[in-house]
Structure formats: C-alpha cells, structure tokens
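Residues per chain, in single letters:
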Amino acid sequence: KEPAAEGTLKIGWTEINQSSDWFIAVKNSAEEKAKEYGYELEFLIAEDDPQTQSQHIDTFITQGVDIIVVDPVNSSAPVADINRAVEAGIPVLCVGAVPENCAALTTLCSNTFMNGYLTGQYMAEQFAADEEISATMIVGVMGSSCTESRLCGAVSGILKQRMEAKGTPYASDEDAWLAGYNLFEEIKSNGKGGSDEAGFQVTGYGTGDWTIEGGLAAAEDLCTANAGMNLMISENDFMAAGALKALTSANMKDQVKIGSVADGTREVL
C-alpha cells in the first residue's frame, strides 16, 4: 500500500491501557521509533474498554491513516472494526492477542500458552512429589485471551510435572494440555478445581488487572480466604510484586511460593 503522503507514514495505534510498565514501554518505544523513522503516529489508549477501542478504529478510518495497529482489548471485540478498516483499504496489524477470524494482515505475539506450560512445570518442580499443592491464582482479566492462555498453560504444566513426579506420566504433551484445559475451564466456572490424582488443587482466584496495585488487592483477599495455600500463581510479574507485599503483610511469605507466568521484570526477579 502506498502512503497517502510521500515521504512519511501515518499510523493510528490503539492500545489497551497504560496501567503497567509494560504498556508504558510499548507506547514509549513506538513513539521513539516513529520519530526515528519520520513516521506520524497517533497513539490512543482504550482504558480496557472495547467500545472505546472501536471508536479509535473508526477515528483512524475517518482520518485516512496509512496503517492501523491494534492491541486488542480481547480477541473478539475488535473483529468487526478491523474488518471495516481493511474494507476501507487500510491494513491492520495486531499485537499481543490474535483476534478471531478477522482480516488483520498479521499479529505479533508471544506464545502465551507455552510460556505458561513451561513456567507451570518449573513451579511444580519446587514441591516434593508427595507434597500436596494448594494454589490460588491472580488473573489479569478473565476473558482476555492472554490471561486465559497463560494460566491454562500454567495449569497444564503443573499437571504434566506432577504426574511425571508421581510415576504416572501422561502419554503425550497433548494429553497434559487437554487435562489442563479441562481443569482450567472448571476453575473458570466454579472459582476452584483440582486433580486428586496429581495432588494439585486451586482453591480460588482473584482479578488484578495486570498491575501491582491490583495484584496487592487480589492477594490480600486470597490470603484471607485461603490460609492453607502454599502456591500463588500470578499471570504476570506486576501482580506478583503486589502479591509479595500482601503475603509479607499477612506473615505468609515463608509459607507461600509465588510463581509468575510472564514479563520477567527486574524488580520482581
């Protein structure tokens, strides 16, 4: 596609939020690169609202930008908007999440499920085979494809390692993935779930909106309601930082291990 104005590229970018260092870094990096290459960038923040993100895309279509970048609030909400932009002749790139059945040119994302699968196995390795794991989870936002994929992967990885440690391994990784998926769906529906065979129980979860403050609030509630837990699974490092504060305040820091699925921030490491 040829840019409308020779010598530059006009980009419209709609981002989920600016609630953590990750999203702030996305914005700062995009603006830095746009300046370096001489691109014109309009960067808008959806504040976790699909309707606001839809309005952003409509605005970019009206402005006639050369390309639109979408970090989807969830995997389904922006599909019609993306398709409308493409029909108007504007290519769309997605970052972070893969929208369902839409005309986006491509998506840049990490393998969120496998991140969870590998970190879940590592979490489980920190417990003896005959030690029961009683866990809680801190999710970003249930319904987000990143949230659900990461934590479904973590549950699958924990089951994979636990069954191996007990001498009754799954026949394949795919069997572990399916078992983890079924257990995660149970947790989503009932707020808890587990596998007696694997010696792994999830007794509750809280929502932390991917932030330190959200992780702190969610972990405080989980500490009150789950005094016997020995593992807290956080979807990302920012919420894990808040969880660490809550566990310290509740005098549970030595009792509960924190496992984080994503980000690898220096502060939390």
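In this report, the structure presented in the accompanying data block is examined. (Residues numbered from 1 in each chain as written. Predicted model: local features only at pLDDT ≥ 70, side-chain atom pairs only at ≥ 80, totals over all residues. Heavy atoms only, no water.)

Structurally, the position occupied by S149 is in helix α5 (residues 145-165). With sequence-adjacent residues up to four places away left out, S149 is seen in contact with T112 and F113. (Helix = DSSP H or I, 4+ residues; strand = E, 2+ residues; numbered from the N terminus. Contact = heavy atoms within 4.5 Å.)

Looking now at the sheet that holds strand β5 (residues 106-108). Two pairing modes exist for strands in a sheet, parallel and antiparallel, and in both the strands are linked by backbone hydrogen bonds. Strand order in the open sheet made by the 5 strands is β2-β1-β3-β4-β5, with parallel pairing throughout. Of all the strands in the sheet, the pair left with one neighbour each is β2 (40-45) and β5. Between one strand and the next, the sheet's axes are offset by a mean angle of 20°, whatever the strand orientation. Two elements, strand β1 (residues 10-15) and β2, share 6 bridges in a ladder whose sense is parallel. Along β2, the bridge assignment pairs G12 with E42. Where helix α2 (residues 50-63) meets the sheet, it contacts β1, β2 and β3 (67-70), and its direction lies at approximately 175° from that of β1. (Pairing = 2+ DSSP bridges. Axes fitted to C-alpha atoms, helices over the stretch in contact; angles between N-to-C directions.)

The nonpolar side chains of a soluble globular protein tend to be buried, and buried together. With 26 residues, the main nonpolar core has M137, V155, F200 and I233 as its most contacted residues. Elements supplying a minimum of two residues to this core: α4 (112-125), β6 (133-139), α5, α6 (173-190), β8 (200-207) and β9 (231-236). By residue number, the principal contributor to this core is α5, which donates 7 residues. Excluding residues within four positions of it along the chain, F200 makes contact with E132, I133, A135, V155, I158, L159, L183, G194, S195 and I233. Within the second largest apolar cluster, 14 residues are counted, among which are L222, M232, A246 and M252. (Core = buried A, V, L, I, M, F, W, Y, C linked by side-chain atoms within 4.5 Å. Buried < 20%, exposed > 50% of the residue type's maximum accessible area, 1.4 Å probe, protein only.)

Its boundaries defined by the atoms lining it, the largest pocket holds a volume of some 640 Å³. Lining the largest pocket are 31 residues, with W22, D71, V95, G96 and L108 positioned closest to its centre. Contributions of two or more residues to the lining of the largest pocket are made by α1 (21-37), β4 (92-95), β5, α5 and β9. Taken together, the residues of the lining of the largest pocket sort by class into 18 nonpolar, 9 polar and 4 charged. If you add up the space inside the second largest pocket, you get close to 450 Å³. Taken together, 23 residues line the second largest pocket, and the ones lying closest to its centre are K257, I258, G259, S260 and V268. Mapped by element, the contributors of at least two residues to the lining of the second largest pocket are α4, α8 (237-249) and β10 (257-262). (1 Å grid on protein atoms, 1.4 Å probe; cavity = no way out; pocket = protein on both sides within 12 Å on 5 of 7 lines; lining within 4 Å. Points joined across faces, edges and corners; volume = space filled by probe spheres on them. Nonpolar A, V, L, I, M, F, W, Y, C, P; charged D, E, K, R; others polar.)

In this section: unusual backbone geometry. One non-glycine residue, N251, adopts positive backbone phi at about 55°. Judged by relative accessible area, N251 falls into the exposed class, the value being 72%. The phi torsion at D263 lies on the positive side, around 100°, for a residue other than glycine. Among the structural elements, D263 can be located in the segment after β10. Since its relative accessible area comes to 36%, D263 is described here as partly exposed.

Further remarks concern the packing of aromatic side chains. Applying the stated rule across the entire model yields 6 aromatic pairs. On the basis of an interplanar angle of 15° and a centroid distance of 6.2 Å, the ring pair of F113 and Y117 is categorised as stacked. Residue F113 and its partner Y117 are located together in helix α4, separated by 4 residues, close to a single helical turn. Residue class for F113 comes out buried when judged on its relative accessible area of 17%. For Y117, a relative accessible area of 2% gives the class buried. Note on F113 and W177: the rings are 5.9 Å apart at their centroids and 85° apart in plane angle, and the pair reads as edge-to-face. With F113 in helix α4 and W177 in helix α6, the pair connects residues that are 64 residues apart, well separated along the chain. Taken together, the ring pairs in this structure connect F113, Y117 and W177 into an aromatic cluster. Between K27 and the ring centre of F43, over which it is positioned, the NZ or CZ distance is 5.8 Å. (Phe/Tyr/Trp six-rings, centres within 6.5 Å; stacked < 30°, edge-to-face > 60°. Lys NZ or Arg CZ within 6 Å of the ring centre and 35° of its normal.)

The subject of this paragraph is the pairing of β8. As paired elements, β6 and β8 share 7 bridges and run parallel to each other. Residue I138 lies in a different strand from β8, and its bridge partner there is G206. Inspection of the sheet shows strand β7 (residues 193-195) paired to β8 by 3 bridges, in the antiparallel sense. Note that in β8 the partner of G193 across the bridge is V202. Hairpin geometry of β7 and β8 is characterised by an intervening segment of 4 residues between the two adjacent antiparallel strands and by a positive phi of about 65° at G199.

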